[in-house]
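Read off the chains here:
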Amino acid sequence: MISIIIPTFNRGYTLSQVLDSYCRQKFVHELIIVDDGGSDNTADIVDEFSRKYSQIKTVYLRNEKRKGAPYSRRRGLLAASAEFILFSDDDEFLEENYAEVCLEKLKSSRADIVSGRHFSRNRGESVACAIARFQTGDRDEPPFDFRFFYINMDARFQGDIELPFTHAIFLAQRELLLKYDIDTFYRRGNGFREESDIQAKIYSCGGKIIMTNDTHCVHMHDSEKKSGGQRVGRFAYVFWSVYYSSYFFKKIL
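Just so you know, these numbers come straight off a predicted model, no measurement behind them. (Residues numbered from 1 in each chain as written. Predicted model: local features only at pLDDT ≥ 70, side-chain atom pairs only at ≥ 80, totals over all residues. Heavy atoms only, no water.)

> What's the story with the overall build of the protein in this structure? I'm lost.
Helix and strand content of the protein: eight helices and 11 strands. Relative to the 2.2 N^0.38 estimate, which gives 18 Å for 253 residues, the radius of gyration of the protein is 17 Å and therefore close to what a compact globule would have. Burial status across the protein gives 53% buried among its 253 residues. Put simply, of all contacts in the protein between residues at least 6 apart along the chain, 78% involve residues at least 24 apart. Computing the positive centroid from 36 side-chain charges and the negative centroid from 36, the protein places the two 4 Å apart. (Helix = DSSP H or I, 4+ residues; strand = E, 2+ residues; numbered from the N terminus. Rg over C-alpha atoms; globule rule 2.2 N^0.38 Å. Buried < 20%, exposed > 50% of the residue type's maximum accessible area, 1.4 Å probe, protein only. Contact = heavy atoms within 4.5 Å. Lys, Arg positive; Asp, Glu negative; His and termini not counted. Charge placed at Lys NZ, Arg CZ, Asp CG, Glu CD.)

This is the structure:
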């Protein structure tokens, strides 16, 4: 019923830590790992987990050269066989009910996209302790900043809220994602707004996007990762954020 798609690049060491949390999700029948031209042991890690969780169809795709996360997500989407897609990353732990809760919310609220809460754990903190600490957020601020069109991930709120877009760990119907397609433009630098692009397109066409407090995904602490994600220099981060934001707003306005 659900295909999980994970793009990755030279992060076999993080995949080996997070894949249990994906393979134990209810309603997940397919796991698609898209290796973006990496040179590490990712293929071996995927093979190990495919044997450990033989009840799940495991698909390993490898780009011959580095194409970027959006291209890899799109490739995974085209290869997926399930009705629903759960996009995720190679450095995220899913709470054990993540897929189940997102799917239930998608159906019961007739939403187009659903995510749980997303936050980073502290150094040395377990996933369970991180969730217990975070609960419904830890900052008294609006969940969405309309001045900068940005989600305040740590904002404190109750229940479910509707947003113009949510973060990268979200569930949606495959047909909807194919209809609006994934823009592979966001492939260089920090890829800022690449996960927001397709969501904003869906929202601008009347789509309903929900973030719920009923489940969580937990980002690894920065000290646990050697590279990747938005790890660029400070000035490069600002440059790519402005560059991609300009492209993003030209498309949706």
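> Honestly, the nonpolar core in this entry has me stumped. Any pointers?
In a soluble, globular protein the nonpolar side chains are often hidden away together inside. Formed by 39 residues in total, the largest nonpolar core has its most connected members in Ile2, Leu19 and Leu31. Leave out the neighbours within four places in its chain, and Leu19 touches Ile6, Leu31, Ile33, Ile45 and Phe49. (Core = buried A, V, L, I, M, F, W, Y, C linked by side-chain atoms within 4.5 Å.)

> What exactly am I supposed to notice about the pairing of strand β3 (residues 57-62) here?
In regular strands, side chains alternate between the two faces of the sheet. Bridging between strand β2 (residues 28-35) and β3 involves six bridges; their strand directions are parallel. The partner of Ile32 across the bridge, within β3, is Val59. Handedness of the crossover is the feature at issue here: the chain leaves β2, passes through helix α2 (residues 42-52), returns alongside β3, and the resulting connection is right-handed. (Pairing = 2+ DSSP bridges. Right-handed = clockwise from strand over helix to strand, strands pointing away.)

> Would you mind going over the packing of aromatic side chains with me for this structure?
Each aromatic ring pair is summarised here by two numbers: the centre-to-centre distance and the angle between the ring planes. In total, this model carries 24 aromatic pairs according to the counting rule given. Summarising the aromatic geometry, the rings of Trp240 and Tyr243 are spaced 5.4 Å apart at their centres and angled 90° between planes, so their arrangement reads as edge-to-face. Note that Trp240 and Tyr243 are positioned in helix α8 (residues 234-252) at a spacing of three residues, about one turn of the helix. Between Tyr243 and Tyr244, the aromatic rings sit 5.3 Å apart at their centres with planes inclined by 65°, giving edge-to-face as the arrangement. Tyr243 sits in the partly exposed class, given a relative accessible area of 30%. A relative accessible area of 0% places Tyr244 in the buried class. Through successive ring pairs, a cluster of aromatic residues spans Phe185, Tyr186, Phe239, Trp240, Tyr243, Tyr244 and Tyr247. Lying across the ring of Phe9, Arg66 places its NZ or CZ 3.7 Å from the centre. Lying across the ring of Tyr71, Lys67 places its NZ or CZ 5.3 Å from the centre. (Phe/Tyr/Trp six-rings, centres within 6.5 Å; stacked < 30°, edge-to-face > 60°. Lys NZ or Arg CZ within 6 Å of the ring centre and 35° of its normal.)

> In this structure, what is going on with the environment of Arg156? I would like to understand it.
Within the secondary structure, Arg156 sits in the loop between β8 (150-151) and β9 (160-162). Distance from Arg156 to Gly137, taken between C-alpha atoms, is 4.0 Å for residues 19 residues apart in sequence. Once residues within four sequence positions are removed from consideration, Arg156 is found in contact with Thr136, Gly137, Asp138, Arg139, Asp140 and Glu141. For Arg156, the side chain forms a polar contact with the side chain of Asp140, separated by 2.4 Å. (Polar contact = N/O pair within 3.5 Å; in protein donor to acceptor, adjacent residues only side chain to side chain.)

> Explain the pattern of salt bridges to me, please; I cannot follow it from the model alone.
Close approach of charged atoms lets side chains of opposite charge pair. Tallied over the full model, the rule gives 23 salt bridges. Asp36 is paired through a salt bridge with Arg66; the nearest N and O atoms lie 3.8 Å apart. Pair noted here: Asp36 is in the loop between β2 and α2 and Arg66 is in the loop between β3 and α3 (69-79), with a separation of 30 residues, a long-range link. The exposure class assigned to Asp36 is buried, which follows from its relative accessible area of 4%. (Salt bridge = Lys/Arg side-chain N within 4 Å of Asp/Glu carboxyl O.)

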